[in-house]
Amino acid sequence: MKRLVTGILAHVDSGKTTLSEAMLYTAGEIRTLGRVDHKDAFLDTNEIERDRGITIFSKQAVMSFGDMELTLLDTPGHVDFSAETERTLQVLDYAVLVISASDGVQTHTETLWRLLERYNVGVFIFVNKTDISSFSHEELMSMIKSRLGDCCVDFTDKEGLYEDMAMCSEQLMNGYLENGVPNIRDIRSAICKRQLFPCYFGSALKLDGVSEFMKGFDEYTKNPVVGESFGAKVFKLSEDEQGRRLTHMKITGGTLRVRDLLCGTRNGRDKWSEKVNQIRIYSGAKFIAVDEAPSGSVCAVTGLTQTYPGEGLGAQSDSEPALLEPVLSYSIILPDGADIAKSLSELKKLEDEDPQLHILWNEQLHEIQVRLMGEIQLEVLQRLIAERFGMNVTFGRGSIAYKETIAAPAEGIGHYEPLRHYAEVHLLLEPAKRGSGLHFYSDCPEDELDRNWQRLILTHLEEKQHIGTLTGSPITDINITLIAGRAHQKHTEGGDFRQATYRAVRHGLKCAESVLLEPWYEFRLEVPQECVGRALTDIQRMSGRFNPPETLDERAVITGAAPVFEMRDYHREVIGYTGGRGRLICLPKGYEECHNPEQVIEEIGYNSDNDLENPADSVFCSHGAGFVVKWDKVRDYMHIDTGISFEPEEEEEPDVGARVSAYLDSAASDKELMRIFEKTYGSIKSDKYHALQTRREPAPKKKTKVSPIPKGPEYLLVDGYNIIFAWEDTKKAAEQSLEAARGMLIDKLCNYQGYRQCELILVFDAYKVKGNPGEVEKIHNISVVYTKEAETADMYIEKTAHKLGRKRRVRVATSDALEQLIILGSGAIRVSAQEFRDEVEQAEQEIREFIRTMRF
């Protein structure tokens, strides 16, 4: 018999728990069908869940059907509890994604789809509520294919089923061509490999299509491969009615028995070993105690006090950091007379169960803080604290959970040498990929610093939440490497390296160029057609970006992204201006550069120099006494010189003659380019090259230090129509002929490119041209782009600037204020239309002046 662990996932109100109920009833595990709205659903075991009518905590049910023993994990559908859902995905063999036929594929559905892809989980799709849907069967399948992929195949359409299957993988195609029917083993394999996604339709409330779905699930799934050695993945912690700590885990290999000794590591360094007291197999609110749990089963274990969600036991490795993160930070206001230390200790138990809460004590503000996804989670947490710990807490107004990172490498130095103590640490801080978090490495020779000291330094790096220097927010997306260190044979103690390491991190952040990050929402906004203009204006006002609106019945659907700071209360505005007919769904998208950093930094008012808990200064010793050296003077006192320098290199600006000569060299082989040049600056006599040779040595230019820039050519992106209508001469030409204005601008930019020797891309809107696939044309020495249908010039420029800006210096010429703001967030340099005009005119003037001096 197959033993499978399957999760049920869905956007809230898609009927996920109702489908779980229907499956249990169909399998004969329950005798009566419960309902969420009747507060008697089998898997809604918590009182808070019954009151709210939503799933908050993942639940387990066990059933047998056909050739399988199925452990069903019902997960929360509300976005506020998506962290609980993501933790559950780590232990699934398969997933059932429920889609509401009345709403179609929603934003959170797509987020769940990406999570399932990340954790490589095979998926069956059940389209629920078909009895109340306004969409046809064909319209629903078309929507699913367009939003989730062409390999979503309707398994209820027997006529075209095998042909549709064959299009999903080469192996299925071969079977179809040879036998007219794909091999059943190949179908199971394709589903497991996420090459094929079966789709079923029905109404769970009416038990319509549920039996057919379960038969198909039984037929097209296979036993997962398990290891022989013991392994387990912890995915959840909870407490039973008696307050006993429960560790929920999936056995991924071998067998777990009562009284087995399990071992692990806490915080990457503290080793623990504890015995299993009891093994429970839960189904709904009830459980049975067993002596052993074989591989493939999900159980809850008592006796373990050091485990954490995502931990791998035995042969199983730990999970990667969660993809979804909380975006709001709240202060917890304790009742009068409450013991702060005791309360913090109690609240930390909740963080053990949900690590994403990040419950901590803020020393500067003297308050307990917690991070949450949204207001629903806050209300649930408030009630949970009252029930678990008897504390009636309140919360301060939510603030944005900012983060900080760095824009360029920096060296951090920490020295700690009061009397009879000694440690020095040198760290290299480098910016990492957005969303990658913090990573710690060592590149220090062991003959300079013993391996044990190096391990201790890495431990100190990992043990603390390091904060930035702009707002005191946690740092992220940085690679920190130990590059040098020194200990004293007699005076160094373990605590010395803790102090030196913390100070080195802080010193590096003070020396680096810090960047403030803010959380962004991915949104789906549905409004009546007559409200589209208002919605798009609001999104631009909120510094957001959006895709072209789509039409759905009499509604317009707008998708895009915007800062949480701007959009978190926008749903109230939507209800107001649409008369209750609009709907806004927001999901965490991740972190991007803050759109208003100056305002945020000023409002938070953090002063890194006054933060005594996180000093950047170092302590040195002289004449038997320690003294503090300010962070910006530490290099003058340090004992180790790593030789690393981040001073910008000196660059010499090329003289005008060299630029013009280089342009003429390239133009000489292009008659049309030479025509443009001579049309602008006059004809060059027969001996072009001799005439333009420099006849006297130019005065030596003073060398200046400039900021380091990425290597390779400079890219200049120009918003064509924006510039045409911003410049008077081209605007006047456009009034007579837009084509003539385009030609005038192209001629000007050909000359400018020849002078600047940059990679120039001129972008024109063509998004209103029906069926236009987009076009890139090389005109002489510049690239001219005509955007495709439904893609504006600013959308193309934003996309291209973001792509090129990772490795190249990118400038964007436009007068569009919103586009300038977006471009700044992409790492490109903004150039206004007037500034660009001045550059072009200056280049033309310098060329003319040089040619005039060469003619005499």
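Going by the structure above, here's the rest.
Because the structure is predicted, anything quoted here is derived from the model rather than measured. (Residues numbered from 1 in each chain as written. Predicted model: local features only at pLDDT ≥ 70, side-chain atom pairs only at ≥ 80, totals over all residues. Heavy atoms only, no water.)

Student: Quick question: what am I supposed to make of the overall build of the chain here?
Tutor: A count of helices and strands for the chain gives 26 helices and 42 strands. By the burial criterion, 51% of the 856 residues in the chain qualify as buried. As displayed, the chain offers around 40500 Å² of accessible surface, 47% of which is attributable to carbon and sulfur atoms. (Helix = DSSP H or I, 4+ residues; strand = E, 2+ residues; numbered from the N terminus. Buried < 20%, exposed > 50% of the residue type's maximum accessible area, 1.4 Å probe, protein only. Areas by Shrake-Rupley, 256 points an atom, 1.4 Å probe, with all protein chains shown as cover.)

Student: Just to check I follow, could you spell out the environment of phenylalanine 213 for this structure?
Tutor: Within the secondary structure layout, phenylalanine 213 lies in helix 9 (residues 210-220). For phenylalanine 213, a relative accessible area of 0% corresponds to the buried category. Residues phenylalanine 213 and threonine 156, 57 residues apart in the sequence, show an inter-C-alpha distance of 9.2 Å. Residues in contact with phenylalanine 213, not counting those within four places in the same chain, are Met23, Val96, Phe124, Phe126 and Tyr200. (Contact = heavy atoms within 4.5 Å.)

Student: Explain the pairing of strand 20 (residues 367-372) here, please?
Tutor: Remark: a regular strand shows side chains that alternate across the two faces of the sheet. When you tally the buried positions in strand 20, you get five out of six residues, the bulk of the element. Pairing analysis gives five bridges linking strand 18 (residues 328-333) to strand 20, with the strands arranged antiparallel. Across the sheet, the residue bridging to isoleucine 332 is isoleucine 368, located in strand 20. Strand direction decides the pairing type here: strand 19 (residues 360-362) and strand 20, joined by three bridges, are antiparallel. Bridge pairing in strand 20 links leucine 360 to glutamine 369. (Pairing = 2+ DSSP bridges.)

Student: I would appreciate a short explanation of the pattern of salt bridges in the present structure.
Tutor: Where charged atoms from two side chains of opposite charge come close, those side chains can pair. Evaluation of the coordinates by the stated rule reveals 49 salt bridges. Residue arginine 451 pairs with glutamate 446 through a salt bridge whose shortest N-O separation is 2.9 Å. Judged by relative accessible area, which is 41%, arginine 451 ranks as partly exposed. Where glutamate 463 meets arginine 498, a salt bridge forms, and the shortest distance between an N and an O atom there is 3.2 Å. With glutamate 463 in helix 12 (residues 451-463) and arginine 498 in helix 13 (residues 494-511), this pair connects stretches of sequence that are 35 residues apart. A residue is classified by how much of its surface remains accessible, and glutamate 463, at 25% relative accessible area, is partly exposed. Residue arginine 498 is classed as partly exposed on the basis of its relative accessible area of 34%. (Salt bridge = Lys/Arg side-chain N within 4 Å of Asp/Glu carboxyl O.)

Student: Where do I start with the side chain of aspartate 538 in this structure?
Tutor: If you trace the backbone, aspartate 538 turns up in helix 14 (residues 532-541). Polar side-chain contacts of aspartate 538 include one of 2.8 Å to the side chain of arginine 534. Not counting residues within four places of it along the chain, the set of residues in contact with aspartate 538 comprises Tyr570, Glu573 and Tyr577. (Polar contact = N/O pair within 3.5 Å; in protein donor to acceptor, adjacent residues only side chain to side chain.)

Student: Help me understand the packing of aromatic side chains in this model?
Tutor: In this description, an aromatic ring pair is defined by two values, namely the gap between the centres and the angle between the planes. Scanning all chains against the criterion turns up 20 aromatic pairs. For the pair tyrosine 282 and phenylalanine 287, a centre-to-centre distance of 5.1 Å together with 45° between the ring planes defines the contact as tilted. A residue is classified by how much of its surface remains accessible, and phenylalanine 287, at 35% relative accessible area, is partly exposed. Here the aromatic cluster, defined as three or more aromatic residues joined through ring pairs, consists of Tyr94, Phe124, Phe126, Phe155, Tyr200, Phe213, Phe217 and Tyr220. Directly above the aromatic system of tyrosine 591 lies the positively charged group of lysine 403, at a separation of 4.8 Å from the ring centroid. (Phe/Tyr/Trp six-rings, centres within 6.5 Å; stacked < 30°, edge-to-face > 60°. Lys NZ or Arg CZ within 6 Å of the ring centre and 35° of its normal.)

Student: Help me out: how do you make sense of helix 11 (residues 375-389) in this one?
Tutor: For the α-helix, the turn length of 3.6 residues means that residues three or four positions removed from each other point alike. The terminal C-alpha atoms of helix 11 lie 21 Å apart, and with 15 residues this matches the ideal 21 Å at 1.5 Å per residue to within 8%. Glycine 390, located one to two residues past helix 11, shows a positive phi value of around 65°. (Expected span 1.5 Å × (residues − 1).)

Student: Sorry if this is basic, but what is going on with the packing of helix 22 (residues 728-736) against helix 23 (residues 738-756) here?
Tutor: Geometry of a packed helix pair, given as the angle between the helix axes and the separation of the axes. Relative orientation of the contacting elements helix 22 and helix 23 amounts to 150°, with a least axis distance of 6 Å. Relative to helix 23, helix 22 is oriented roughly antiparallel. Contacts from Asp729, Thr730, Ala733, Ala734 and Gln736 in helix 22 reach Leu738, Ala741, Met744 and Lys748 in helix 23. Class assignment for the residues of the contact of helix 22 with helix 23 results in five nonpolar, two polar and two charged. (Axes fitted to C-alpha atoms, helices over the stretch in contact; angles between N-to-C directions. Parallel < 35°, antiparallel > 145°, perpendicular 65-115°, else oblique. Nonpolar A, V, L, I, M, F, W, Y, C, P; charged D, E, K, R; others polar.)

Student: Is there a simple way to think about a negative patch on the surface in this case?
Tutor: A grouping of Glu138, Glu139, Asp157, Glu159, Glu163, Asp164, Asp553 and Glu554 is seen on the molecular surface, where their side chains present a negatively charged patch. Those elements that provide at least two residues to the negative patch are helix 5 (137-148) and helix 6 (161-166). Secondary-structure assignment places aspartate 553 in the loop between strand 30 (550-552) and strand 31 (555-563). (Patch = residues over 30% accessible without salt bridge, like charges linked within 9 Å, V, L, I, M, F, W, Y side chains within 5 Å. Lys, Arg positive; Asp, Glu negative; His and termini not counted. Charge placed at Lys NZ, Arg CZ, Asp CG, Glu CD.)

Student: Please explain the environment of lysine 222 as it appears in this structure.
Tutor: With respect to the element layout, lysine 222 can be found in the loop between helix 9 and strand 8 (231-239). Accessibility expressed as a relative area gives 33% for lysine 222, which makes it partly exposed. Between the C-alpha atoms of lysine 222 and arginine 3, which are 219 residues apart in sequence, the distance is 8.9 Å. If sequence neighbours within four positions are ignored, lysine 222 has contacts with Lys2, Leu4, Tyr94, Ser189 and Cys192.

Student: Looking at this model, I keep getting lost on the sheet that holds strand 2 (residues 59-65). Mind explaining?
Tutor: Two orientations exist for strands paired in a sheet by backbone hydrogen bonds: parallel and antiparallel. Spatial ordering of the open sheet is given by 2-3-1-4-5-7-6, a layout of seven strands whose pairing is mixed. A strand with exactly one partner marks an edge of an open sheet, and here the two such strands are strand 2 and strand 6 (152-154). With direction set aside, neighbouring strand axes in the sheet form an average angle of 25°. Of the strand pairs in this sheet, strand 1 (residues 2-10) and strand 3 (residues 68-74) are connected by seven bridges, and their pairing is parallel. In the sheet register, glycine 7 faces strand 3, and the bridge partner there is leucine 73. Packed on one face of the sheet, helix 9 meets strand 1, strand 2, strand 3, strand 4 (94-100), strand 5 (122-128) and strand 7 (197-201) and runs near 170° to strand 5.

Student: Which parts of the structure should I look at to understand the sheet that holds strand 13 (residues 278-283)?
Tutor: Across the sheet, which stays open at both edges, the six strands sit in the order 14-13-16-9-8-17 with antiparallel pairing between neighbours. Only two strands of the sheet have a single neighbouring strand rather than two, namely strand 14 (286-290) and strand 17 (312-314). When strand polarity is set aside, the average angle formed by the axes of neighbouring strands in this sheet is 40°. Two elements, strand 8 and strand 17, share three bridges in a ladder whose sense is antiparallel. By the bridge assignment, glycine 231 is partnered in strand 17 with glycine 314. On top of the sheet, helix 10 (residues 340-353) reaches strand 8 and strand 9 (245-253); it is set at about 140° to strand 8, its chief contact.

Student: What's the story with the packing of helix 14 against helix 16 (residues 570-577) in this structure? I'm lost.
Tutor: Between helix 14 and helix 16, the least distance of the axes is 12 Å, while the angle of their chain directions is 160°. In terms of orientation, helix 14 lies roughly antiparallel with respect to helix 16. Handedness of the crossing formed by helix 14 with helix 16: right-handed. Across from Arg534, Ala535, Asp538 and Arg541 in helix 14, the residues of helix 16 making contact are Tyr570, Glu573 and Tyr577. For the contact of helix 14 with helix 16, the per-class residue count stands at three nonpolar, no polar and four charged. (Left-handed = near helix turned anticlockwise from the far one by under 90°.)

Student: When you look at the nonpolar core in this model, what are you seeing that I'm missing?
Tutor: General note: in soluble globular proteins, nonpolar side chains tend to be found buried as a group. Counting 51 residues, the largest nonpolar core has Leu350, Val370, Phe523, Leu525 and Met567 as its most contacted members. In terms of residue count, helix 11 provides more of this core than any other element does, six residues in total. Not counting the four nearest positions on each side in its chain, leucine 350 is found in contact with Leu357, Ile359, Leu381, Leu384, Ile385, Arg388 and Phe389. If you look at the next biggest cluster of nonpolar residues, it comprises 38 residues, including Ile8, Met68, Phe155 and Ile187. (Core = buried A, V, L, I, M, F, W, Y, C linked by side-chain atoms within 4.5 Å.)

Student: Is there a simple way to think about a nonpolar patch on the surface in this case?
Tutor: Residues Tyr25, Leu33 and Leu207 make up a contiguous nonpolar surface patch of roughly 220 Å² in combined accessible area. Here tyrosine 25 shows up in helix 1 (residues 16-26).

Student: Before we go on, may I ask you to explain unusual backbone geometry in this structure?
Tutor: Keep in mind that most residues, glycine aside, have a negative phi and that most peptide bonds are trans. Positive phi values are uncommon outside glycine, yet lysine 129 reaches one of about 60°. Following the sequence through the fold, lysine 129 ends up in the loop between strand 5 and helix 5. Positive phi, normally seen in glycine, also occurs at histidine 780, with a value near 60°. Tracing the backbone through its elements, the reader meets histidine 780 in the loop between strand 39 (775-779) and strand 40 (782-786). The partly exposed category is assigned to histidine 780, whose relative accessible area is 25%.

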